[in-house]
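Analysis of the macromolecular model
These are the residues of each chain, in order.
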Amino acid sequence: MARAPGLSVRLKLTLSYAACIMASGGVLLAVVWVFLLRYVPERILIPGAGGREPAMPNQSDLIRAFTPPAIGAVIFLLIFGLIGGWILAGSMLAPLNRITHATRLATNGSLSHRIQLEGRADELRELADAFDTMLSRLETHAVEQQRFAANASHELRTPLAITQTLLDVAHSDPDHDNRELVERLRHVNTRAIDLTEALLLLSRADQRSFSKEPVDLSLIAEEATETLLPLAEQSGVMIKTSGDVATTLGSHALLLQLTTNLVHNAIVHNLPDQGSIWVTTRVLPESVLITVENTGAKLAPSLVATLAEPFQRGTQRVRTDHSGVGLGLAIVKSIAQAHDGTLTLTPRPGGGLRATVQLPAADSQA
């Protein structure tokens, strides 16, 4: 929220305290001037008074005259300071009370509440704005986690349900050929293991629990391409790699998984035959890019915007045996964010997808 510049809380309190001190000093000086200085000098000898001292106030008279108004002034300042300080502190600390109330609501699980503190910018209002931003991010993260947990439960329940069905069929028909049953169970179990490993990898990337080292994305691209070359040949897809040496700081294993997922996604989303994939790396002044493009069916921008969400699968996959578990691009996005980078997905005009990962260059990070 944009705010007009205003006085800081420290300056406000400083001016307030200074004003109180100046007011107190002014009252004391006025009391001294009115009730003390007009009685100076204490004794005045007038010539020709016949040796008698004039009737002038002595020190006791001054004390008796000064003490009651001085006590009254002190009592007035005390009452004024307590009441004025109470009102001033309440006015200054009212935003903190609202922040405290919002904190308690968030502690109880209500993340939709916002402070929305009015007024010009100062330390307390900046704190309130930062707290509102934190609540917004926590609410978004909580919603995403709930959706992810629901999707993960659904995806994990599917292979378990299939396994249960196959076992029930085998139990009801003891004479059934067990070799086919074992093969189908093996396939379902493999898919469940792949899903579990993908979830663990996604969690590891989100937690950023890895050490950083210099990694050349061009070498990573070649390694991922060589790994998936048999699958590409089986699918009738040609892969071309090119680009410059692009070095970043990060985890070699995670960045290899990122590139492998991009290339794998490009293979299974490609044309049924004579498809193409282009893997390129570029170096920018403060960042490095790795781009994976593939031919394929034309994709609507609305569909492309959801492909990086967990368990979102594109349509018309070529090889259903290698279609993955719906976490490929979600893992790519998570790994990119864990390396302070971004994933950008755009549809190609002629059909297919262009996926670009931008990461900080090693020189800029150093």
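So, here's what we can say about the structure.

Basis of the calculations
- Residues numbered from 1 in each chain as written.
- Predicted model: local features only at pLDDT ≥ 70, side-chain atom pairs only at ≥ 80, totals over all residues.
- Heavy atoms only, no water.
- Helix = DSSP H or I, 4+ residues; strand = E, 2+ residues; numbered from the N terminus.
- Contact = heavy atoms within 4.5 Å.
- Areas by Shrake-Rupley, 256 points an atom, 1.4 Å probe, with all protein chains shown as cover.
- Core = buried A, V, L, I, M, F, W, Y, C linked by side-chain atoms within 4.5 Å.
- Buried < 20%, exposed > 50% of the residue type's maximum accessible area, 1.4 Å probe, protein only.
- 1 Å grid on protein atoms, 1.4 Å probe; cavity = no way out; pocket = protein on both sides within 12 Å on 5 of 7 lines; lining within 4 Å.
- Points joined across faces, edges and corners; volume = space filled by probe spheres on them.
- Nonpolar A, V, L, I, M, F, W, Y, C, P; charged D, E, K, R; others polar.
- Axes fitted to C-alpha atoms, helices over the stretch in contact; angles between N-to-C directions.
- Left-handed = near helix turned anticlockwise from the far one by under 90°.
- Expected span 1.5 Å × (residues − 1).
- Salt bridge = Lys/Arg side-chain N within 4 Å of Asp/Glu carboxyl O.
- Bend = angle between axes of the 7 residues up to and from the residue.
- Patch = residues over 30% accessible without salt bridge, like charges linked within 9 Å, V, L, I, M, F, W, Y side chains within 5 Å.

As for the overall build of the protein chain
A count of helical and extended segments in the protein chain gives nine helices and seven strands. The long-range fraction of contacts in the protein chain, counting pairs at least 24 apart against all pairs at least 6 apart in sequence, stands at 72%. Roughly 22300 Å² of accessible area belongs to the protein chain as shown, and the carbon and sulfur atoms make up 60% of that amount.

Re the nonpolar core
In terms of nonpolar packing, the biggest core is built from 44 residues, with Leu262, Ile267, Ile277, Leu345 and Val357 touching the most fellow members. At the level of secondary structure, the elements contributing two or more residues to this core comprise helix 5 (217-235), strand 2 (237-243), helix 6 (252-268), strand 4 (275-283), strand 5 (287-294), helix 8 (328-338), strand 6 (342-347) and strand 7 (353-360). Examining the composition of this core, we find that eight residues originate from one element, helix 6, more than from any other. Not counting chain neighbours up to four residues away, the residues in contact with Ile267 comprise Leu228, Leu231, Ala232, Ser235, Val237, Ile239 and Ile277. In terms of nonpolar packing, the next biggest core, distinct from the first, is built from eight residues, Ile99, Ile115, Ala128 and Phe131 among them.

Quick look at the environment of Arg3
Within the secondary structure, Arg3 is located in the segment before helix 1 (9-35). When the C-alpha atoms of Arg3 and Arg125 are compared, they prove to be 9.2 Å apart, with 122 residues separating the residues in sequence. When residues no more than four places from it in sequence are discounted, the contact partners of Arg3 are Leu117, Glu118, Gly119, Arg120, Ala121, Arg125 and Asp129.

A word on the environment of Gln234
Mapped onto the elements of the fold, Gln234 is located in helix 5. With 33 residues separating them along the chain, Gln234 and Ile267 place their C-alpha atoms 10.0 Å apart.

Looking at unusual backbone geometry
Peptide bonds are trans in most cases, and residues, glycine excluded, mostly fall at negative phi. With a phi angle near 50°, Gln116 is a residue other than glycine that sits in the positive phi range. One can find Gln116 in the loop between helix 2 (59-107) and helix 3 (123-172). One non-glycine residue, Asp340, adopts positive backbone phi at about 60°. On the secondary structure map, Asp340 appears in the loop between helix 8 and strand 6. Among the residues examined, Asp340 registers a relative accessible area of 46% and is labelled partly exposed.

Let's talk about empty space enclosed by the protein
By the definition in use, this model includes one cavity of 30 Å³ or more. Estimates place the volume of the largest cavity at around 40 Å³. Forming the boundary of the largest cavity are Leu262, Asn265, Ala266, Val292, Asn294, Leu329, Leu353 and Ala355. The set of elements that each furnish at least two residues to the lining of the largest cavity consists of helix 6, strand 5 and strand 7. No other element matches helix 6, which puts three residues into the lining of the largest cavity. Split by residue class, the lining of the largest cavity holds six nonpolar, two polar and no charged.

Thoughts on the packing of helix 6 against helix 8
Packing of helix 6 against helix 8 brings their axes to within 9 Å, and their N-to-C directions diverge by 145°. Crossing hand, helix 6 versus helix 8: left-handed. Two secondary-structure elements touch here, helix 6 through Leu254, Leu255, Gln257, Leu258, Asn261, Leu262 and Asn265 and helix 8 through Gly328, Leu329, Ile331, Val332, Ile335 and Ala336. Looking at the contact of helix 6 with helix 8, its residues break down into nine nonpolar, four polar and no charged.

Remarks on helix 6
Between its terminal C-alpha atoms helix 6 stretches 24 Å, which fits the 24 Å expected from 17 residues at 1.5 Å a residue. Of all the 17 residues making up helix 6, 13 are buried; the element is thus mostly covered by neighbouring parts of the structure.

Quick notes on the pattern of salt bridges
Once their charged atoms are close, side chains differing in charge can pair, the charge on each being opposite to the other. Under the criterion given, the structure shown has six salt bridges. A salt bridge links Asp122 to Arg125; its shortest N-O distance comes to 2.8 Å. Note on Asp122: relative accessible area 5%, which makes it buried. By relative accessible area, Arg125 is classed as buried at 16%.

Digging into helix 5
Each α-helix turn comprises 3.6 residues. Residues three or four places apart therefore point the same way. Between its first and last C-alpha, helix 5 extends 25 Å over 19 residues, near the 27 Å set by a 1.5 Å rise per residue. Along helix 5, the sharpest kink reaches roughly 50°, centred on Leu228 and followed within four residues by the proline Pro230. Taken together, the buried positions of helix 5 are occupied by Leu217, Ser218, Ile220, Ala221, Ala224, Thr225, Leu228, Leu231, Ala232 and Ser235. Backbone geometry just downstream of helix 5 places Gly236 in the positive-phi region, at approximately 70°.

A few points about the environment of Gln164
Here Gln164 lies in helix 3. Residue Gln164 is classed as partly exposed on the basis of its relative accessible area, which comes to 44%.

Quick notes on a nonpolar patch on the surface
Together, Ile71, Ile75, Ile79, Leu82, Ile83, Trp86 and Ile87 make up an exposed nonpolar region whose accessible area comes to about 790 Å². With respect to the secondary-structure elements, Ile83 resides in helix 2.

So far we have only geometry, and geometry alone does not tell us how the molecule works.
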